[in-house]
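# Coordinate inspection notes
Residues per chain, in single letters:
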Amino acid sequence: MNEAESTPLVRTVASTQSEMTEIILPNDTNTLGNLLGGRLMHFIDLTGAMAAYRHSRTHVVTAAMDHIDFIRPVHLGDLLTLKSSVNRAFTTSMEVGVKVWAENTRTGTVAHVASAYLVFVAIDEHGRFIKVPALKPETPDEIRRYEDALRRRQHREAEYARRREAKLAATALEETKA
Ligand SMILES: CC(C)(COP(=O)(O)OP(=O)(O)OC[C@H]1O[C@@H](n2cnc3c(N)ncnc32)[C@H](O)[C@@H]1OP(=O)(O)O)[C@@H](O)C(=O)NCCC(=O)NCCS
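The structure contained in this document is the topic of the report that follows. (Residues numbered from 1 in each chain as written. Predicted model: local features only at pLDDT ≥ 70, side-chain atom pairs only at ≥ 80, totals over all residues.)

Around the ligand sit Val61, Thr62, Ala63, Ala64, Phe90, Thr91, Thr92, Ser93, Val119, Val121, Phe129 and Arg156, and that is every residue in its neighbourhood. Only strand S3 (59-70) and strand S6 (110-123) provide two or more residues apiece to the shell around the ligand. Looking at the shell around the ligand, its residues break down into seven nonpolar, four polar and one charged. (Near = placed C-beta within 6 Å. Helix = DSSP H or I, 4+ residues; strand = E, 2+ residues; numbered from the N terminus. Nonpolar A, V, L, I, M, F, W, Y, C, P; charged D, E, K, R; others polar.)

Now the structure itself:
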């Protein structure tokens, strides 16, 4: 049996769960000694991609990092833990949720510092889109995230359509002025 034949059509959320831990070093911080937002987004992208790889078992690209909350700062020397899982699979894309905690290594205090939703698209080595397995949510939390992911996709699509319309209207207006 080759790899494609052995790929299941449905995966569980648990099979996509991924985790990464980093210690925050001086190169990761701003002039106040806090973790740079861009560096945190890089860690979020990597951890999100791990869940998407586990779900699709192929190459993935980040299509969107569509919502991110920076809840509190992360300090030099903190241990950063990021956890991700696929919330919902569509046709070739997957929405992944990433949650981030920081641990103060001296006090042991752990705080939730950020959450984000990302969309990854599965492609083959030639850049062609690949259909991904369906996702089966099992627990009440997984079912809630699965349903919320569809609502976020609908919002995203409505927003793209609105922007497309606005751009077309602006172009038409420019042409009438020319
Ligand atoms: C993401 C990308 C592959 C989408 O290509 P496209 O031709 O616009 O895609 P399509 O409109 O045919 O949609 C393909 C899938 O991607 C999803 N998608 C496309 N753009 C998206 C966006 N901005 N946000 C969320 N999902 C998106 C579509 O919903 C669709 O999903 P589905 O098959 O599950 O329904 C393309 O824009 C790309 O290659 N971008 C650069 C990716 C990259 O380099 N990322 C790393 C840099 S940070």
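Taking 1.5 Å per residue as the helical rise, helix H3 (residues 140-177) with its 38 residues ought to reach 56 Å, and the 56 Å between its terminal C-alpha atoms agrees with that figure. Here H3 lies mainly on the outside; two of its 38 residues are buried. (Expected span 1.5 Å × (residues − 1). Buried ≥ 20, exposed ≤ 12 C-beta atoms within 10 Å, placed from the backbone.)

Between its first and last C-alpha, helix H2 (residues 37-56) extends 28 Å over 20 residues, near the 28 Å set by a 1.5 Å rise per residue. Burial in H2 covers these residues: Leu40, Phe43, Ile44, Thr47, Gly48, Ala49, Met50, Ala51, Ala52, His55 and Ser56. Following H2 by one or two positions, arginine 57 adopts a phi angle in the positive range, close to 55°.

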